[in-house]
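Okay, here's what each chain looks like letter by letter:
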There are 4 protein chains.
Amino acid sequence: MKYRIEHDTMGEVRVLADALYGAQTQRAIENFPISGLRFPRAFLRSLGLIKSAAATVNGKLGELPADLAKAISEAADEVASGAHDAQFAVDIFQTGSGTSTNMNANEVIGRIAKAHPNDQVNRGQSSNDVFPTALHLSAALLVTGELLPAMRGLNAALAAKAAEFHDVIKIGRTHLQDAVPMRLGQELSGYARQVELAAQRVEAALPGIYEMPLGGTAVGTGLNAPPGFAAQVIAELARSVGLPLREAVNHFEAQGSKDAVCFLSGALRNYAVALYKIGNDIRWLGAGPRCGIAELRIPESQPGSSIMPGKPVQIA
Amino acid sequence: MKYRIEHDTMGEVRVLADALYGAQTQRAIENFPISGLRFPRAFLRSLGLIKSAAATVNGKLGELPADLAKAISEAADEVASGAHDAQFAVDIFQTGSGTSTNMNANEVIGRIAKAHPNDQVNRGQSSNDVFPTALHLSAALLVTGELLPAMRGLNAALAAKAAEFHDVIKIGRTHLQDAVPMRLGQELSGYARQVELAAQRVEAALPGIYEMPLGGTAVGTGLNAPPGFAAQVIAELARSVGLPLREAVNHFEAQGSKDAVCFLSGALRNYAVALYKIGNDIRWLGAGPRCGIAELRIPESQPGSSIMPGKPVQIA
Amino acid sequence: MKYRIEHDTMGEVRVLADALYGAQTQRAIENFPISGLRFPRAFLRSLGLIKSAAATVNGKLGELPADLAKAISEAADEVASGAHDAQFAVDIFQTGSGTSTNMNANEVIGRIAKAHPNDQVNRGQSSNDVFPTALHLSAALLVTGELLPAMRGLNAALAAKAAEFHDVIKIGRTHLQDAVPMRLGQELSGYARQVELAAQRVEAALPGIYEMPLGGTAVGTGLNAPPGFAAQVIAELARSVGLPLREAVNHFEAQGSKDAVCFLSGALRNYAVALYKIGNDIRWLGAGPRCGIAELRIPESQPGSSIMPGKPVQIA
Amino acid sequence: MKYRIEHDTMGEVRVLADALYGAQTQRAIENFPISGLRFPRAFLRSLGLIKSAAATVNGKLGELPADLAKAISEAADEVASGAHDAQFAVDIFQTGSGTSTNMNANEVIGRIAKAHPNDQVNRGQSSNDVFPTALHLSAALLVTGELLPAMRGLNAALAAKAAEFHDVIKIGRTHLQDAVPMRLGQELSGYARQVELAAQRVEAALPGIYEMPLGGTAVGTGLNAPPGFAAQVIAELARSVGLPLREAVNHFEAQGSKDAVCFLSGALRNYAVALYKIGNDIRWLGAGPRCGIAELRIPESQPGSSIMPGKPVQIA
């Protein structure tokens, strides 16, 4: 393989000749050979969107020449689109601030746009505000774009089954012992309601996620960012993704804690607990066919045994 | 000690002569010698309030004679007041449904009011709806009566310190390394905002807690409860505690899952994480006096050493 | 109530007139109104045993006059016996080092023995080595005296059932679906083996628990403890409880980490996971009687319903 | 892309023309589009080793013709070597038993060796014993081959630093407050001992990991496996990897629980807790350079800021 020599404040680094990243990314690749896990698509999309919006606003504010701002923005859009995912080769277990991956983005975009990674691509930004902003933005994109629609779909499917099975009378159990009769549709309506409530709880966590730490720069004071910079970048982001993003009320909280993410994690845990209960119930109600409860017949999805090849398995 | 003989569906049981509880409570005391932990005050208060409101409504609906309903309600109010806490001697680790403690309440109230524990005190109810209702109600009482006021008090105290220390310039740190200047007031304002947001998140979990499972009886169908019973009991409860309690939208969800409590637990965890961060910061900022960071001087609360008696300790 | 005035390095404190504890305990009672939980019996027994052994060794080494050493040892034995548990009124959530409860013991013993809490009862000791030593000792006493015998009893009971049910052929299940035949005795033998292995794992955690931090005093260096003091105290403790206790190999590890306890917690978690699996299996195999799996008939323990009074409950 | 048609008990499946896997793998790829995570190298190595040893023993026992046994064994060795990792395309979140990945291995090996996946490659085996055996074997290989050597290396490095810094006197702290002097070497010796003990605890979990579930087949009874098959396969495996592997004492425990893995997880957690404490201490002791504790100077690893480019970061 062929290499080129790059430089940073600590000296020379050897980088693959055709890599778009530079010295700091290379150091981080070597410093963190930990998990093999890379940042997921939604995060890299968010990082690209932030860099693009920041360049656009830097151009408007006269912080960068218009053509350079445009070049940075376009290169960042390429990162957002996924065209350069392979260039993000730093492990997710790295510096706590995410400096390495922020610099990875700065270096890749800088090389494409012929801009300086720190002074121009990263202008008005710090890893300490960009990174949690990308974290919030990618969570917002995944929750609104994938999770909530899937939850609504599951809720609708369970509600449809509840209606379909309204007339099926079955035993209701307490302590797993036979108790009194109920409808199978009622049981399923309870699952549907669990999912509906879980979705409301995930939504209750979104306002905190929409608060963007951007604008605090290194320690929350906004040092090195021009007045109004963050508000304009966030407005640009909100427009481009169609979500009610807004600047954090307090930048010291927004950078110093990850509480909004912690609360979202609590809402996701709540959904996981609900799914576990529903899945476990269905699994047991489908146990059989002859020596189990066998109240539900679950469609066969694939052969279910290597030693008893005719035995199918249902995927609840 | 002197004993009397009580009976239940399984036969004779020996009970302390002056105990207010009866056979089923006694069996449960013997069956669950597990942790030594007892139900806390707020739970017993809630259980008493539910029994009292249920008796009142049973009287109104003609399910119980007026004088008996009144006697049960008054006895239940005594339980709610804490007068009989010592009679609740069953371990908190017991039957999953809480049947033992529900029957404990029924027996104690029944003995005081000269009413039948199952047919009259428990009329229209099941452990399976009473118990999660008591769980929700006690959580609602503690959160609104104690936790949220304490959170608002802490928020105000931190905000006051933020104002007081506005003019103190200090180092801001990233990766625990010296970075750029900031105000001590700004740091404290971040803590205040963390607590403010944590309170909002706890409040976001309350609507689910206000949904009362009462009315589902054994398995959610409401078997054995007269029409409108639960709605009236819950309205009575809401009036007596001054909280917007309402009947669960779906009783199968309300009894079959504890998701609302799980979500509240996520909100409490979020607050715990915030407090841990704030407490840990203050502890480190107060480390010293001569060989630590020593940015904060924390008032001395008590002698802090058994081997170095003059050494005080601060309680952050 | 009547009070007396006590003093410590911070000044005057008002204490209940007949309390055996003094000023520092009183301050801690007031400073930590947190959980209402108190140290359990095994911990207070351990704390008393340590104080008694320390006094005996201080007497032998000439650090204390013989009659005072004897008086302290006898008073500490009273604490160990449980005679003064009500005097230990400080919440378990307190100073991280346990200084408050160590001083509580020093004050109670000192008052009974007419000895100085710090200079004489606590002689050669620090909260920082006494407290983790009491933690290890109480864990060792509970694990060897209660947990392991109970595990062996459960193992034997399951093994007996495995033999008893050797001839019962039942369905074996995979994915909860009917698979191929097996013996009920085989299933139970698997549970017995789980418990046997769990006991071996708990035993594997004991050597670390037997390592006593005592001797490190404040920060691990042993400052203020006479040479050989800890080794003799630990030998005295080992003799009195009949366990192979030994001095920690490295006092900085022994005081600076709680890893031995963490590992024991892992072994207990492993047993909890095993019990959960066994209990859950038995619960499901006993589901019925007519609409469940009903492979096992579990003896009835108590009435199991408040709304269906004839319905019993089994306790797996 | 070109496809071929494969068959299983449920009918036709379209598979990529050059895939080594067959119908069941393809169904599982489609049924589980969950995490994107694939089984790691050590697991696939273990699965290949088991299949190879099983074929060798099947040949010796006359269960398979000698040349076919040899062909299967050689193909399985290729899987073990990593040559076909890309053919293992089923998500790690799949059927609970791992049937899909076991069949993936059977299909890949069967295609290379021209053998039937179920009747010949999987002969004498079930997913239910192969999969937990592969889990144990891969854990044994990683723990003995990578983790324990790394732990010993860290212990040695810390012990060397403890010796190097023996003469450095520093403050010892209690409650993060200045207390009494100690040596920096003593502090580091405590860390070294933590790592030494953590390694002993990981080793204490290995005997359970060395117990191989192989031989139980579908539900623990060993149905369809010839007498002595598992013992010989495990002996072959033990020889090839140089570890004291042995057949499980009780196959119902070995397949019905994952307790041995749970206990190893407890030992790993213990090490994680130790590393967290050590890392956190070092991070704080290195805080500075001018406004922190700054007792340690940690070598610079890479530039540590995007907004303050000259600011280096240390990796503790």
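The model shown is predicted, which means the values in this text are computed figures rather than measured ones.

1. Digging into the pairing of strand β1 (residues 3-8) of chain C
Residue and element names in this part refer to chain C.
Okay, so step 1: Here β1 shows a buried face lined by Arg4, Glu6 and Asp8 and an unburied face lined by Tyr3, Ile5 and His7.
Okay, so step 2: Strand direction decides the pairing type here: β1 and strand β2 (residues 11-16), joined by six bridges, are antiparallel. Across the sheet, residue isoleucine 5 finds its bridge partner in β2, namely arginine 14.

2. Some remarks on helix α1 (residues 23-31) of chain B
Okay, so step 1: Within α1 of chain B the residues assigned to the buried category are Ala23, Gln24, Thr25, Gln26, Arg27 and Ala28 of chain B.
Okay, so step 2: As for α1 of chain B, its buried residues are in contact with β1 (3-8), β2 (11-16), α4 (99-113) and α5 (117-121) of chain B together with β7 (300-303) of chain C.

3. Section: the interface of chain A and chain D
Where interface size is given, it is often the accessible area lost as the parts come together that is meant.
Okay, so step 1: Between chain A and chain D, the residue contacts involve 37 residues of the former and 37 residues of the latter.
Okay, so step 2: Summed over both partners, the interface of chain A with chain D comes to about 2,500 Å²; 60% of that surface belongs to carbon and sulfur atoms.
Okay, so step 3: Put simply, chain A and chain D have zero salt bridges between them.
Okay, so step 4: Counting every contact that joins chain A to chain D gives 14 residue pairs in polar contact (both at pLDDT 80 or more).
Okay, so step 5: Elements that contribute at least two residues to the side of chain A that touches chain D include exactly α1 (23-31), α4 (99-113) and β7 (300-303) of chain A.
Okay, so step 6: A per-element tally of the side of chain A that touches chain D places α4 of chain A first, with five residues.
Okay, so step 7: Counted by class, the side of chain A that touches chain D contains 13 nonpolar, 21 polar and three charged residues.

4. A few points about the pattern of salt bridges
Okay, so step 1: Inspection of the entire model under this criterion finds 71 salt bridges over all chains.
Okay, so step 2: Between glutamate 211 of chain B and arginine 193 of chain A there is a salt bridge whose closest N-O contact spans 2.5 Å. Linking glutamate 211 of chain B in strand β5 (residues 211-212) with arginine 193 of chain A in helix α7 (residues 184-204), this pair reaches from one chain into another.
Okay, so step 3: You can call glutamate 211 of chain B buried: its relative accessible area is 5%.
Okay, so step 4: Looking at arginine 193 of chain A, the relative accessible area reads 7%, which means it is buried.
Okay, so step 5: The salt bridge involving lysine 277 of chain A is made with aspartate 281 of chain A; its shortest N-O contact spans 2.9 Å. Highlighted residues: lysine 277 of chain A and aspartate 281 of chain A, both in helix α11 (residues 259-285), separated by four residues, approximately one helical turn.
Okay, so step 6: Taking relative accessible area as the criterion, lysine 277 of chain A reaches 24% and is therefore assigned partly exposed.

5. Quick word on the relation of the copies chain A and chain D
Okay, so step 1: Superposition record for chain A on chain D: RMSD 0.0 Å, screw rotation 180°, translation along axis 0.0 Å. Read as a symmetry element, the transformation amounts to a two-fold axis. For chain A, the minimum C-alpha distance to the rotation axis belongs to leucine 37 of chain A and amounts to 4.8 Å.
Okay, so step 2: Interface overlap between copies: 100% of the residues of chain A at the interface are likewise at the interface in chain D, consistent with a symmetric, same-surface contact.

6. Description of helix α6 (residues 127-164) of chain A
The periodicity of an α-helix, 3.6 residues per turn, causes residues three or four positions apart to be oriented the same way.
Okay, so step 1: Compared with the 56 Å implied by 1.5 Å per residue over 38 residues, the 53 Å span of α6 of chain A between its first and last C-alpha is a close match.
Okay, so step 2: In α6 of chain A, a bend of some 40° at valine 143 of chain A exceeds every other bend along the element.

7. Thoughts on unusual backbone geometry
Okay, so step 1: Here the bond from glycine 288 of chain B into proline 289 of chain B is cis, since omega is 10°, no more than 30 degrees from zero.
Okay, so step 2: Positive phi, normally seen in glycine, also occurs at leucine 176 of chain D, with a value near 65°.

8. Regarding the environment of glycine 190 of chain C
Okay, so step 1: Mapped onto the secondary structure, glycine 190 of chain C falls in helix α7 (residues 184-204).
Okay, so step 2: Overall, glycine 190 of chain C belongs to the buried group, its relative accessible area being 2%.
Okay, so step 3: Put simply, glycine 190 of chain C and lysine 51 of chain C are 139 residues apart on the chain and 45 Å apart in space, counted from C-alpha to C-alpha.
Okay, so step 4: Ignoring anything within four residues of it in the chain, the contact list for glycine 190 of chain C reads Asn250, Phe252 and Glu253 of chain D.

9. Observations concerning the interface of chain B and chain A
Okay, so step 1: Contacts between chain B and chain A engage 45 residues on the former and 45 residues on the latter.
Okay, so step 2: With both sides pooled, the region where chain B packs onto chain A buries about 3,500 Å², and carbon together with sulfur makes up 63% of that total.
Okay, so step 3: There are two salt bridges connecting chain B and chain A.
Okay, so step 4: Counting every contact that joins chain B to chain A gives 13 residue pairs in polar contact (both at pLDDT 80 or more).

10. Description of the side chain of asparagine 250 of chain D
Okay, so step 1: With respect to the secondary-structure elements, asparagine 250 of chain D resides in the loop between β6 (246-247) and α10 (251-256).
Okay, so step 2: Engagement of the side chain of asparagine 250 of chain D in a polar contact is seen with the backbone nitrogen of glutamate 253 of chain D, the distance being 2.9 Å.

11. Examining the packing of helix α2 (residues 41-60) of chain B against helix α6 (residues 127-164) of chain B
All names here are of chain B.
Okay, so step 1: Close contact between α2 and α6 brings their axes to 8 Å; oriented N to C, the two are set at 120°. What the angle tells us is that α2 and α6 run oblique. α2 and α6 meet at a crossing whose hand is right-handed. On α6, the residues touching Ala42, Phe43, Arg45, Ser46, Leu47, Leu49, Ile50 and Lys51 of α2 are Val130, Phe131, Thr133, Ala134, Leu135, Leu137, Ser138, Leu141 and Leu142.
Okay, so step 2: A breakdown of the residues in the contact of α2 with α6 according to their chemical character gives 12 nonpolar, three polar and two charged.

12. Considering the relation of the copies chain B and chain A
Okay, so step 1: Here chain B sits on chain A after a turn of 180° about the axis and a move of 0.0 Å along it, with an RMSD of 0.0 Å.
Okay, so step 2: With an isologous cut-off of 70% or more, the 100% of interface residues of chain B that recur at the interface of chain A puts this contact in the isologous class.

13. Comments concerning the confidence of the model for chain A
Okay, so step 1: Looking at chain A as a whole, the pLDDT averages 96, with 98% of positions reaching at least 70.
Okay, so step 2: The ipTM for the predicted assembly is 0.95, set against a pTM of 0.96.

14. Describing the packing of aromatic side chains
Ring pairs (aromatic) are described by centroid distance and by the angle formed between their planes.
Okay, so step 1: All chains considered together, the criterion is met by 16 aromatic pairs over all chains.
Okay, so step 2: When the ring of phenylalanine 43 of chain C is compared with that of phenylalanine 131 of chain C, the centres are 4.9 Å apart and the planes differ by 55°; the resulting orientation is tilted. One end of the pair, phenylalanine 43 of chain C, is in helix α2 (residues 41-60); the other, phenylalanine 131 of chain C, is in helix α6 (residues 127-164), with 88 residues separating them in the sequence. By the burial criterion, phenylalanine 43 of chain C is buried, and phenylalanine 131 of chain C matches it.
Okay, so step 3: Pairwise contacts between aromatic rings join Phe39, Phe43 and Phe131 of chain A into one cluster.
Okay, so step 4: The ring of tyrosine 3 of chain B carries the charged tip of arginine 14 of chain B above its face, separated from the ring centre by 3.7 Å.

15. A closer look at the packing of helix α3 (residues 66-81) of chain A against α4 of chain A
Residues and elements named next belong to chain A.
Okay, so step 1: For the pair α3 and α4, the least separation of the axes is 8 Å and the interaxial angle reads 125°. By the angle between their axes, α3 is oblique relative to α4. As α3 packs across α4, the resulting crossing turns out to be right-handed. Touching Leu68, Ala71, Ile72, Ala75, Ala76, Glu78 and Val79 of α3 are Val108, Ile109, Ile112 and Ala113, all from α4.
Okay, so step 2: For the contact of α3 with α4, the class distribution of residues is 10 nonpolar, no polar and one charged.

16. Things to note about the environment of glutamate 107 of chain A
Residue and element names in this part refer to chain A.
Okay, so step 1: Topologically, glutamate 107 is positioned in helix α4.
Okay, so step 2: The exposure class of glutamate 107 is buried, given its relative accessible area of 9%.
Okay, so step 3: The spacing of glutamate 107 and glutamine 24 is 83 residues in sequence and 8.2 Å in space, taken between C-alpha atoms.
Okay, so step 4: Residues within four places of glutamate 107 in sequence aside, it is in contact with Leu20, Tyr21, Gly22, Ala23, Gln24, Thr25 and Pro117.
Okay, so step 5: For glutamate 107, the side chain forms a polar contact with the main-chain nitrogen of alanine 23, separated by 3.4 Å.

17. A few points about the side chain of serine 257 of chain B
Okay, so step 1: With respect to the helices, strands and loops of the structure, serine 257 of chain B is situated in the loop between α10 (251-256) and α11 (259-285).
Okay, so step 2: A polar atom in the side chain of serine 257 of chain B sits 3.3 Å from the backbone nitrogen of aspartate 259 of chain B.
Okay, so step 3: Discounting chain neighbours no more than four positions away, the residues touching serine 257 of chain B are Gln194 of chain A together with Phe252 of chain B.

18. Some words on a nonpolar patch on the surface
Okay, so step 1: Residues Ile34, Leu37 and Phe93 of chain A together with Ile34, Leu37 and Phe93 of chain D make up a contiguous nonpolar surface patch of roughly 570 Å² in combined accessible area.
Okay, so step 2: Topologically, leucine 37 of chain D is positioned in the loop between α1 (23-31) and α2 (41-60).
Okay, so step 3: A residue is classified by how much of its surface remains accessible, and leucine 37 of chain D, at 37% relative accessible area, is partly exposed.

Calculation notes
Sequence order as written defines residue numbering, which begins from 1 separately in each chain. Just so you know, chain letters begin at A and ligand numbers begin at 1, following the order they were written in. Note on the predicted model: pLDDT of at least 70 is required for a residue's local features to be given, and 80 or more for side-chain atom pairs to be given and counted; whole-chain, interface and lining totals, by contrast, use all residues. For side-chain calculations, the full set of non-hydrogen atoms in the structure is used, while hydrogens and water are omitted. Summary of the burial criterion: residues with accessible area below 20% of their type's maximum are buried, those above 50% are exposed, and those between are partly exposed, where the area comes from a 1.4 Å probe applied to protein chains only. Each helix is a run of H or I in the DSSP string that is no shorter than four residues. Each strand is a run of E no shorter than two, and both are numbered from the N terminus. Paired strands are those between which DSSP finds at least two bridges. We call two residues in contact whenever any of their non-hydrogen atoms come within 4.5 Å of each other. Here the quantity called buried area is the accessible surface, traced with a 1.4 Å probe, that two parts lose on coming together, added over both. A pair is scored as a salt bridge if a Lys or Arg side-chain nitrogen falls within 4 Å of a carboxyl oxygen belonging to Asp or Glu. Here a polar contact means two N or O atoms within 3.5 Å. Within protein one must be a hydrogen donor candidate and the other an acceptor candidate, and residues neighboring in sequence count only if both atoms are side-chain atoms. Here the nonpolar group is Ala, Val, Leu, Ile, Met, Phe, Trp, Tyr, Cys and Pro; Asp, Glu, Lys and Arg are the charged ones; every other residue, Gly included, is treated as polar. Residues reaching a pLDDT of at least 70 in both copies supply the C-alpha atoms on which the copies are superposed by least squares. To estimate the expected span of a helix, count its residues, drop one, and scale the result by 1.5 Å. Bending is quantified residue by residue as the angle between axes fitted to the seven-residue window ending at that residue and the seven-residue window starting at it. Between N-to-C directions, angles span 0 to 180 degrees; the directions come from axes that are lines fitted to C-alpha atoms, helices contributing only their stretch in contact. The scheme is simple: roughly parallel for angles under 35 degrees, roughly antiparallel for over 145, roughly perpendicular for 65 to 115, oblique for anything else. Should the near helix be turned counterclockwise from the far one by less than a right angle, the crossing is left-handed, whereas a clockwise turn marks it as right-handed. Each residue carries a pLDDT score, the predictor's own confidence in it, on a scale running from 0 to 100. Stacked, tilted and edge-to-face pairs are distinguished by plane angle, under 30 degrees for stacked and over 60 for edge-to-face with tilted covering the rest, among Phe, Tyr and Trp rings (Trp via its six-membered ring) whose centres lie within 6.5 Å. Charge-over-ring contacts are defined here by two conditions on Lys NZ or Arg CZ: a distance within 6 Å of the ring centre and an angle within 35 degrees of the ring normal. Residues qualify for a patch when their relative accessible area is over 30% and they have no salt bridge, like charges being joined within 9 Å and the nonpolar side chains of Val, Leu, Ile, Met, Phe, Trp and Tyr within 5 Å. Here the open area of atoms and residues is found with the Shrake-Rupley method and a 1.4 Å probe, where only the protein chains shown may cover a residue.

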